[in-house]
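Structural overview
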Amino acid sequence: MESMKSNATVLILCGGKGERLRPLTEFTPKPLVHLKGRPILSYLLDHLKKFQIDNIVVAAGFQSEKIHKFFAENHRDVTVTIVDSGDTDIIERIKACSSHLKGDFMLMYGDTLADVNLSKLRDFHFSHRSKATITLWPLKSQFGLAELDAEGYVTNFREKPTLDQWINIGNFYFNHEVIGWMKDFTRFAAFLEHLGKERKLKGFKHDGVHITVNTLRELEEAEENIHEFELK
């Protein structure tokens, strides 16, 4: 795969408490929860390695000492700067790490895995002359859907279909100047909404593998599907 080493720093968010995944996250940061015997974060770092990305900033928070310990013992072939950003919103974590982000950067969630082609994401970002790009994934319904005709008769069933809606899965690409735009915001969600209203946020569509682990049920599903991510 094409190298991104020369122009990409990746900021990985690893500071949340993962409260919906308790008791597994009571004393463990969510990115270090294991899937098939390996931390989620290890899978993400392996994916970055495919694109020769080895300049990484980690925004730690909850149980940050365990993030430090993880990198002291694993993935020593990458250059990692860990910033203890406390218990705060994503946008404050980005601000806390800003001095380590010297140029354009990617932002990723440390508890989310997606086989996004990061070279294509970068090329999309620059070909559209974007300042900010978000990776989106098609929403898949958890339920079977019934279709009705004008008289109320059921005409068709669609079992857990893919919907014409797109969700945020991280994998952002930001021009460095975007950090300066964040100064007036205290919530990342509000900042993204602002970028959208100002037509400064492009959407990069990804329809491949996406694995997130927010609940024990999602953890079970991730255990079943992690092989799909490893094969990419």
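Residues numbered from 1 in each chain as written. Predicted model: local features only at pLDDT ≥ 70, side-chain atom pairs only at ≥ 80, totals over all residues. Heavy atoms only, no water.

1. Quick look at the overall build of the chain
Along its length, the chain carries 7 helices and 14 strands. Overall size of the chain, expressed as C-alpha extent along the three principal axes, is 60 × 40 × 35 Å. Across the 232 residues of the chain, 44% fall into the buried class. Sequence-distant contacts in the chain: of pairs separated by 6 or more residues, those separated by 24 or more amount to 75%. On the chain, roughly 12300 Å² of surface is accessible, and the fraction owed to carbon and sulfur atoms is 48%. Counting 31 positive and 33 negative side-chain charges, the chain places the centres of these two groups 5 Å from one another. (Helix = DSSP H or I, 4+ residues; strand = E, 2+ residues; numbered from the N terminus. Buried < 20%, exposed > 50% of the residue type's maximum accessible area, 1.4 Å probe, protein only. Contact = heavy atoms within 4.5 Å. Areas by Shrake-Rupley, 256 points an atom, 1.4 Å probe, with all protein chains shown as cover. Lys, Arg positive; Asp, Glu negative; His and termini not counted. Charge placed at Lys NZ, Arg CZ, Asp CG, Glu CD.)

2. What about the pattern of salt bridges?
Scanning the entire structure with this criterion turns up 10 salt bridges. Between Asp77 and Lys49 there is a salt bridge, and its shortest N-O distance comes to 3.1 Å. Of the two residues, Asp77 is situated in the loop between α2 (64–73) and β5 (79–84) and Lys49 in helix α1 (residues 40–50); the sequence distance between them amounts to 28 residues. Looking at Asp77, the relative accessible area reads 45%, which means it is partly exposed. You can call Lys49 exposed: its relative accessible area is 51%. Residue Lys69 pairs with Glu73 through a salt bridge whose shortest N-O separation is 2.9 Å. In this pair, Lys69 and Glu73 are both assigned in helix α2, 4 residues apart and thus about one turn of the helix distant. Of the residues examined, Glu73 reaches a relative accessible area of 49% and is grouped as partly exposed. (Salt bridge = Lys/Arg side-chain N within 4 Å of Asp/Glu carboxyl O.)

3. A closer look at the pairing of strand β8 (residues 132–140)
In terms of residue burial, β8 counts as a mostly covered element, since 7 of its 9 residues are buried. The pairing of β8 with strand β12 (residues 172–174) spans 2 bridges and is antiparallel. Looking at β12, one finds that Thr133 is bridged to Tyr173. In the sheet, β8 pairs with strand β13 (residues 201–205) via 5 bridges, with the strands oriented parallel. Paired with Ala132 across the two strands is Leu201, which belongs to β13. (Pairing = 2+ DSSP bridges.)

4. Remarks on helix α6 (residues 188–197)
Every buried residue of α6 is accounted for by Phe188, Phe191, Leu192 and Leu195. All buried residues of α6 fall inside an arc of 100° around its axis, so they share one side. The first or second residue beyond α6 is Arg199, which carries a positive phi of 55°. (Arc of directions from axis to C-beta.)

5. Considerations on the environment of Glu218
Following the sequence through the fold, Glu218 ends up in helix α7 (residues 216–231). Classification of Glu218 by relative accessible area gives partly exposed; the value is 24%. A sequence separation of 197 residues divides Glu218 from Leu21, and the C-alpha atoms of the two residues are 9.2 Å apart. Setting aside residues up to four positions removed in sequence, Glu218 forms contacts with Thr212 and Val213.

6. As for the environment of Pro138
Secondary-structure assignment places Pro138 in strand β8. The buried category is assigned to Pro138, whose relative accessible area is 7%. Along the sequence, Pro138 and Lys36 sit 102 residues apart, while their C-alpha atoms lie 26 Å from each other.

7. Quick word on the pairing of β5
Consecutive residues of a regular strand have side chains that alternate between opposite faces of the sheet. Of the strand pairs in this sheet, strand β4 (residues 55–60) and β5 are connected by 6 bridges, and their pairing is parallel. Its bridge partner being in β5, Ala60 is matched across the sheet by Asp84.

8. Regarding helix α3 (residues 90–97)
Regarding α3, the residues found buried are Ile91, Arg93, Ile94 and Cys97. Down the axis of α3, the buried side of the element spans an arc of 155°, and every buried residue falls inside it. The secondary structure elements touched by the buried residues of α3 are β1 (9–14), β4, β5, β6 (105–109) and α6. The opening residue of α3 is Asp89, an N-cap whose side-chain oxygen sits 3.1 Å from the backbone nitrogen of Ile91. (Polar contact = N/O pair within 3.5 Å; in protein donor to acceptor, adjacent residues only side chain to side chain.)

9. Looking at the nonpolar core
The tendency in soluble globular proteins is for nonpolar side chains to be buried as a group. Core analysis: the biggest nonpolar cluster contains 42 residues, and Ile12, Leu35, Leu41, Leu48, Met106, Leu113 and Leu118 have the highest contact counts within it. Among the secondary structure elements, those contributing two or more residues to this core are β1, α1, β4, α2, β6, β7 (112–114), α4 (118–127) and α7. A per-element tally of this core places α1 first, with 6 residues. One finds Ile91, Ile179, Met182 and Leu192 within the second-largest nonpolar core, a separate group that totals 25 residues. (Core = buried A, V, L, I, M, F, W, Y, C linked by side-chain atoms within 4.5 Å.)

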